Amino acid sequence: MQRRTFLKTSAAVLSVRNVFAQSAPDWGGPVLDTHLHLRTDPDACFTHTRGCGVTNAVLLTRATDEDKAKQEMAKRPGVFVRSVATDPAQAGADEVIRKAVHEGAVSVGELKYHLALDSPEMRRIYDICAEMRVPVMMHIQSFPHFRGELPYNTGYPQFDKVLRAYPRTNFIGHADLFWAHISADVPTDRGYPSGAIKPGGLTDRFLSDYPNLYADMSANSGNNALSRDKDFSREFIVRHRTKLIFGSDCSCTDGKGGGISQGRNPEASRLAGQCVARATLGLLKEITSPEIFRQITWSNGQRMFKVNA
Ligand SMILES: [Zn+2]
Ligand SMILES: [Zn+2]
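First, a word on scope: everything that follows refers to the structure included in this document. (Residues numbered from 1 in each chain as written. Chains lettered and ligands numbered in written order. Predicted model: local features only at pLDDT ≥ 70, side-chain atom pairs only at ≥ 80, totals over all residues. Heavy atoms only, no water.)

## Some points on helix H2 (residues 43-52)
Line of reasoning, step 1. A large share of H2 lies buried, amounting to seven of its 10 residues.
Line of reasoning, step 2. Buried residues of H2: Asp43, Cys45, Phe46, His48, Thr49, Gly51 and Cys52, and no others.
Line of reasoning, step 3. Looking at the buried side of H2, the elements it contacts are strand S1 (32-37), strand S2 (56-60), helix H3 (66-75), strand S3 (80-84) and helix H11 (276-287).
Line of reasoning, step 4. Downstream of H2 by a residue or two, Gly53 has a phi angle that is positive, lying close to 80°. (Buried < 20%, exposed > 50% of the residue type's maximum accessible area, 1.4 Å probe, protein only. Helix = DSSP H or I, 4+ residues; strand = E, 2+ residues; numbered from the N terminus. Contact = heavy atoms within 4.5 Å.)

Shown next, in the form of structure tokens:
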């Protein structure tokens, strides 16, 4: 080949590669992101899903934003379902949740408030979820992301008491402390412990012992827990294959890592500039079988959040 032709060909190959780098990955089937917060411009959620190769998503929706979510669902038929979230400590919270579920919300969450997991306020929500047959997803975090941040959903070490008291409620655990407890040692001076996992962690045990507990793998917390000790994770995933549910909690703009990802959470900088959805889906591809990948990224969530296949 002449040098000039060679250079031209190389340039063509490079530009084709760039086009591929920009296009959405194909995950080999439908993928449900169960943790996508409704954005200021709701259609930005659709942009995110298309950028990272996600086909369907649960729009995490505050009760005050319900109309926005409904409009977005109508605009993109068959793509989204929605949750409802409101502060359980506010007067009338029960009625707000009942009404939203009657009108089509498929889950309650995420609940990220400064309450104890076994507080009367949270217990009222668990009762409604059992009665209306919708799951509840909680953000469980004690170590602050910024100065002065208070803990959310406290009392996780005693959460088994709640799991036993509400056998008809499906609980979905999420966030820093929930995932730090994948290991039997949990340092108190950071939110995202790294390094080898010590077997016997609370989350591992609760998932084994209680059929009504599920795990949301979203955010840096889920990605970090499953990345830090891949030999452990491979078996953890097989063990809890019916209980693990993919979600992203990603805040990037385009599903490719654009915009500000992990803002206000410097401790999660390991994923800065990356799309969390792409990162976690890539990780799962690497450490699970295609069959379990399908289960975690589609069927488990599809059943739980009543997404039409
Ligand atoms: Zn959260
Ligand atoms: Zn993203």
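Moving on from the model shown.
## Comments concerning the pairing of S1
Line of reasoning, step 1. S1 sits mainly inside the fold: five of its six residues count as buried.
Line of reasoning, step 2. Bridge count between S1 and S2: four bridges; the pairing is parallel. Across the sheet, the residue bridging to Asp33 is Ala57, located in S2.
Line of reasoning, step 3. As a crossover connection, the stretch from S1 through H2 into S2 is right-handed. (Pairing = 2+ DSSP bridges. Right-handed = clockwise from strand over helix to strand, strands pointing away.)

## Quick notes on the packing of H11 against helix H12 (residues 290-304)
For any two helices packed against each other, the geometry is given by the interaxial angle and the distance between the axes.
Line of reasoning, step 1. Orientation of H11 relative to H12, taken along the N-to-C sense of each, is 150°, at an axis distance of 8 Å. Judged on the interaxial angle alone, H12 and H11 are roughly antiparallel. Crossing of H11 against H12: the hand is right-handed. Where H11 approaches H12, its residues Leu281, Leu284 and Lys285 are matched on the opposing element by Phe293, Ile296 and Thr297.
Line of reasoning, step 2. Of the residues contributing to the contact of H11 with H12, the split by class is four nonpolar, one polar and one charged. (Axes fitted to C-alpha atoms, helices over the stretch in contact; angles between N-to-C directions. Parallel < 35°, antiparallel > 145°, perpendicular 65-115°, else oblique. Left-handed = near helix turned anticlockwise from the far one by under 90°. Nonpolar A, V, L, I, M, F, W, Y, C, P; charged D, E, K, R; others polar.)

## With respect to the coordination of the zinc ion (ligand 2)
Line of reasoning, step 1. Only His48 (NE2), Cys250 (SG), Cys252 (SG) and Cys275 (SG) from the protein reach the zinc ion (ligand 2) as donors, at distances of 2.0 to 2.4 Å.
Line of reasoning, step 2. Here the zinc ion (ligand 2) binds four donor atoms, and the angle range of 105 to 115° at the metal identifies the geometry as tetrahedral.
Line of reasoning, step 3. Each donor residue of the zinc ion (ligand 2) lies on one chain, and together they are spaced H-x201-C-x1-C-x22-C. Within this pair, whereas Cys252 is found in the loop between strand S8 (244-245) and H11, its partner Cys275 is found in the loop between S8 and H11, the two being separated by 23 residues in sequence. (Donors = N, O, S within 2.8 Å, 3.2 Å for Na, K, Ca; no water. Tetrahedral: all angles 85-135°; square planar, octahedral: opposite > 155°, others 65-115°.)

## Side note on the nonpolar core
Line of reasoning, step 1. In terms of nonpolar packing, the biggest core is built from 65 residues, with Phe159, Phe171 and Trp179 touching the most fellow members.
Line of reasoning, step 2. Looking at this core, the element that brings in the most residues is H11, giving seven residues.
Line of reasoning, step 3. Every residue in contact with Phe171, bar those within four places of it in the chain, is listed here: Tyr126, Val136, Met138, Phe159, Val162, Leu163, Tyr166, Asn212, Leu213 and Tyr214.
Line of reasoning, step 4. By size, the runner-up hydrophobic cluster in this structure holds 13 residues, among which are Val106, Tyr214, Trp298 and Phe305. (Core = buried A, V, L, I, M, F, W, Y, C linked by side-chain atoms within 4.5 Å.)

## Regarding the sheet that holds S2
Backbone-to-backbone hydrogen bonds join strands into a sheet, with any given pair of strands oriented parallel or antiparallel.
Line of reasoning, step 1. Taken in spatial order, the eight strands make up an open sheet running S1-S2-S3-S4-S5-S6-S7-S8, and their pairing is parallel. Only two strands of the sheet have a single partner each, and these edge strands are S1 and S8.
Line of reasoning, step 2. Seen against the sheet, H3 touches S2 and S3 and runs at an angle of roughly 170° to S3.

## Side note on the pairing of strand S4 (residues 107-111)
Note on strand geometry: in a regular strand, side chains alternate between the two faces of the sheet.
Line of reasoning, step 1. In terms of burial, S4 is a largely internal element, five of the five residues being buried.
Line of reasoning, step 2. Here S3 runs beside S4; their pairing, made up of two bridges, is parallel. Bridge assignment links Ser83 to a residue of S4, and that residue is Ser107.
Line of reasoning, step 3. Chirality of the crossover, the property in question, places the unit of S3, helix H4 (residues 93-102) and S4 among those that are right-handed.
Line of reasoning, step 4. Examined bridge by bridge, S4 and strand S5 (residues 136-139) share two bridges and lie parallel to one another. For Leu111, the partnering residue across the bridge sits in S5 and is Met138.
Line of reasoning, step 5. Following the chain from S4 across helix H5 (residues 120-132) to the adjacent parallel S5, one finds a crossover that is right-handed.

## Here we look at the packing of helix H9 (residues 219-227) against H11
Line of reasoning, step 1. Where H9 meets H11, the axes come as close as 10 Å, and the angle between the chain directions of the two elements is 25°. When the axis of H9 is compared with that of H11, the two are roughly parallel. Where H9 crosses over H11, the two elements pack in a sense that is left-handed. Across from Ala219, Asn223, Leu226 and Ser227 in H9, the residues of H11 making contact are Val276, Ala279, Thr280, Leu283 and Ile287.
Line of reasoning, step 2. Along the lines of polarity and charge, the residues of the contact of H9 with H11 split into six nonpolar, three polar and no charged.

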